[in-house]
Amino acid sequence: MSIKSRDKKSERIMEKTHSINLDNLKNISNDYILLNETEIYEFIKDMDDFVGLINDSLRIFKKYFPNAKYYLALEEDCECSDLDDIVAYIVNKDGSFDENYETGEFLFKDLLKLKTIYPDAWLKFGYIVEDDDEYYELWRKGIIDNY
């Protein structure tokens, strides 16, 4: 096989892989309300394990908070302003702050198991459990800009 044909084959594989990644990314928006969609897609488009982490996390979120709304955002890392993280906001209006906090502790124990499966993505992913979504709805509607 010539170098030129190998390069073409590699190019086709890369195009196919990129297409699969974009399809996976689009599926995320079926389950999450994306607060800054373009930024999220740009951040995770080339990281297959990130899409897997987001999807596997959602299964755990739904186990503990089945009636919640799930928001996803790209945000500046709170510990280092030069870095960004994907943050999942779980808004559970069915429980009080204390109930959500307690349930969140159990959720974390299940979520921690994903650390070994997705070690790189895990470092760039977080979640917060809330009992009110007013702030996130304002962000989604463009009334406030958090990023």
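Our structure's up above, just so we're on the same page.
Before going into details, it helps to say that this report is about the structure given with it. In this text the structure is predicted, and so the values were computed from the model without any measurement. (Residues numbered from 1 in each chain as written. Predicted model: local features only at pLDDT ≥ 70, side-chain atom pairs only at ≥ 80, totals over all residues. Heavy atoms only, no water.)

Here we look at a negative patch on the surface
A grouping of D98, E99, E102 and E105 is seen on the molecular surface, where their side chains present a negatively charged patch. As for its position among the elements, E102 is in helix α4 (residues 97-111). (Patch = residues over 30% accessible without salt bridge, like charges linked within 9 Å, V, L, I, M, F, W, Y side chains within 5 Å. Areas by Shrake-Rupley, 256 points an atom, 1.4 Å probe, with all protein chains shown as cover. Salt bridge = Lys/Arg side-chain N within 4 Å of Asp/Glu carboxyl O. Lys, Arg positive; Asp, Glu negative; His and termini not counted. Charge placed at Lys NZ, Arg CZ, Asp CG, Glu CD. Helix = DSSP H or I, 4+ residues; strand = E, 2+ residues; numbered from the N terminus.)

Notes on helix α2 (residues 37-44)
Listed in full, the buried residues belonging to α2 are I40, Y41 and I44. Buried residues of α2, seen end-on, are gathered within an arc of 95° and therefore sit on one face of the element. Exposed and facing more than 90 degrees away from the buried side of α2 are T38 and E42. (Buried < 20%, exposed > 50% of the residue type's maximum accessible area, 1.4 Å probe, protein only. Arc of directions from axis to C-beta.)

Brief notes about the packing of helix α3 (residues 48-64) against α4
Angle between the axes and distance between the axes: these two values describe a pair of packed helices. Their axes nearest at 10 Å, the elements α3 and α4 cross at an angle of 150°. If you check the angle between α3 and α4, you find them roughly antiparallel. Two packed elements cross with a definite hand, and for α3 against α4 that hand is right-handed. Together, S57, I60, F61, K63 and Y64 of α3 and T103, F106, L107, D110 and L111 of α4 make up the contact between the two elements. Of the residues that constitute the contact of α3 with α4, the class distribution is six nonpolar, two polar and two charged. (Axes fitted to C-alpha atoms, helices over the stretch in contact; angles between N-to-C directions. Parallel < 35°, antiparallel > 145°, perpendicular 65-115°, else oblique. Left-handed = near helix turned anticlockwise from the far one by under 90°. Contact = heavy atoms within 4.5 Å. Nonpolar A, V, L, I, M, F, W, Y, C, P; charged D, E, K, R; others polar.)

Re the nonpolar core
Formed by 29 residues in total, the largest nonpolar core has its most connected members in Y32, I54, F61, L72, I86 and F125. For this core, the secondary-structure elements that each account for two or more residues are α2, α3, β2 (69-76), β3 (84-91), α4, α6 (119-122) and β4 (125-130). It is α3 that contributes the most residues to this core, seven residues altogether. Discounting residues that sit within four places of it in the chain, I86 has contacts with I40, F43, I44, F50, I54, L72, A73, L74, K124, F125 and G126. Grouped together as the second largest cluster of nonpolar side chains are eight residues, A73, Y89, V91 and Y136 included. (Core = buried A, V, L, I, M, F, W, Y, C linked by side-chain atoms within 4.5 Å.)

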